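What the coordinates show
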Amino acid sequence: KVTAVLSGTEQGKSSGFWVTFTTPDSLDKVTAYYKAGLKSNGWTETASYTSGDTTTQTVSKGVYSGTIGITRSADSSETEIVIMIGEEKQTPSEE
């Protein structure tokens, strides 16, 4: 279930979006789903961190990069997924 969405653009620099989902699925199931799905769609995991009930993956693909945060509190019946992806605009000298 989508619980929040935000998108924006910094004029001439970058653009991106932020979306939050919840699911009754376990933290392990959701983490495995995103790891497999991102890899099969050409994304590279550049960093990963797990502590307790939270997993964070930093990913990139071409000019896009971002973070997927997955959290499930012990007293919660839902797992929260926060995805933040941005596109870095290249300057003419980088194109």
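Quick notes on the rules
- Residues numbered from 1 in each chain as written.
- Predicted model: local features only at pLDDT ≥ 70, side-chain atom pairs only at ≥ 80, totals over all residues.
- Heavy atoms only, no water.
- Helix = DSSP H or I, 4+ residues; strand = E, 2+ residues; numbered from the N terminus.
- Expected span 1.5 Å × (residues − 1).
- Contact = heavy atoms within 4.5 Å.
- Phe/Tyr/Trp six-rings, centres within 6.5 Å; stacked < 30°, edge-to-face > 60°.
- Buried < 20%, exposed > 50% of the residue type's maximum accessible area, 1.4 Å probe, protein only.
- Salt bridge = Lys/Arg side-chain N within 4 Å of Asp/Glu carboxyl O.

Over its 14 residues, helix α1 (residues 27–40) runs 20 Å from end to end, which matches the ideal 20 Å to within 8%, given 1.5 Å per residue. The elements touched by buried residues of α1 are β2 (14–23), β4 (54–61), β5 (64–71) and β6 (79–88).

Turning our eyes to something else, we now look at the packing of aromatic side chains. Under the criterion given, the structure shown has one aromatic pair. Pairing Tyr 33 with Tyr 34 gives two aromatic rings, centres 5.2 Å apart and planes at 90°, and the pair type is edge-to-face. Look at Tyr 34 and you get buried, because its relative accessible area is 16%.

To continue, consider the environment of Ala 4. With respect to the helices and strands, Ala 4 occurs in strand β1 (residues 2–10). Expressed as a C-alpha distance, the spacing of Ala 4 and Trp 18, which sit 14 residues apart in the sequence, is 8.0 Å. The residues touching Ala 4, leaving out its near neighbours within four places in the chain, are Trp 18, Val 19 and Thr 20.

Okay, the pattern of salt bridges next. Enumeration over the complete set of coordinates arrives at two salt bridges. Lys 29 is paired through a salt bridge with Asp 25; the nearest N and O atoms lie 3.8 Å apart. The closest approach of N and O atoms between Glu 45 and Lys 35, which form a salt bridge, is 2.9 Å. With Glu 45 in strand β3 (residues 44–51) and Lys 35 in helix α1, this residue pair connects regions lying 10 residues apart in the sequence.

Remember that the coordinates give geometry; whether it matters functionally is a separate question.
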